[in-house]
Amino acid sequence: MQKTIYIINGPNLNLLGKREPEIYGAQTLSDVEKRCLETAQSHEIDIVFAQSNHEGQIVELIHEAREKAQGIIINPAAYTHTSIAILDALHAFDGPVIELHISQVHKRETFRHHSYVSQRADAVMAGFGTHGYQLAIEHMGMLLNK
Ligand code: CA2
């Protein structure tokens, strides 16, 4: 059976490519989604690509993934540093979780150095730009086909 990955993006990532390109690059979220679809297809993986500005909606997406997906790639954006609700939801998910940040958060303000989500993540990526999404899909493909 073909595997499914949920790729979940947190608040303000809908602005990707429209502001702060020096930090987050020039690609829009829809460019990133297209690249993800291509990468996933070449690894025979189905993806659900989602973005929400609402913490509760992200929790709901993680619950949905419990039923429908074998792995989660999540860029929780600012909720990374604040959300125990997202951490708890991820604890209820059984498969591999990859936490992804476009920027190298450890080079930035100290409030970005702590992540609640890292306590559940099986791998953490930061600073690969939007290319990180493709790398994360490749790694997830490997984890799911072990
Ligand atoms: O580097 C990342 O991917 C972050 O998760 C992005 C979050 C930030 O709060 C995290 O510390 C690190 C911010 C996402 C906001 O995205 C924007 C994109 C373009 C313009 C404005 C915001």
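This one's a predicted model, so the numbers in the text were calculated from it and none came from an experiment.

Take the pairing of strand β4 (residues 97-101) next. Residues in a regular strand project their side chains so that they alternate between the two faces of the sheet. In terms of burial, β4 is a largely internal element, five of the five residues being buried. Here β4 shows two buried faces, one formed by V97, E99 and H101 and the other by I98 and L100. Strand direction decides the pairing type here: strand β3 (residues 71-75) and β4, joined by three bridges, are parallel. What sits directly across from I72, in β4, is V97. For the segment spanning β3, helix α4 (residues 84-91) and β4, crossover handedness is right-handed. Bridge count for β4 against strand β5 (residues 123-126) is four bridges, and the pairing is parallel. Bridging across to β5, L100 finds its partner in M125.

So, about the nonpolar core. Nonpolar side chains in soluble globular proteins generally cluster together in the buried interior. One finds I5, I7, C36 and I73 to be the most contacted residues of the largest nonpolar core, which totals 22 residues. Mapped by element, the contributors of at least two residues to this core are β1 (3-9), α2 (29-42), β2 (45-51), β4 and α5 (131-144). Excluding its chain neighbours within four sequence positions, the residues that come into contact with I73 are I5, Y6, I7, I8, I98, L100, A136, I137 and M140. Within the second largest apolar cluster, 18 residues are counted, among which are I58, V59, I86 and V117.

How each quantity is defined
- Residues numbered from 1 in each chain as written.
- Predicted model: local features only at pLDDT ≥ 70, side-chain atom pairs only at ≥ 80, totals over all residues.
- Heavy atoms only, no water.
- Buried < 20%, exposed > 50% of the residue type's maximum accessible area, 1.4 Å probe, protein only.
- Helix = DSSP H or I, 4+ residues; strand = E, 2+ residues; numbered from the N terminus.
- Pairing = 2+ DSSP bridges.
- Right-handed = clockwise from strand over helix to strand, strands pointing away.
- Core = buried A, V, L, I, M, F, W, Y, C linked by side-chain atoms within 4.5 Å.
- Contact = heavy atoms within 4.5 Å.

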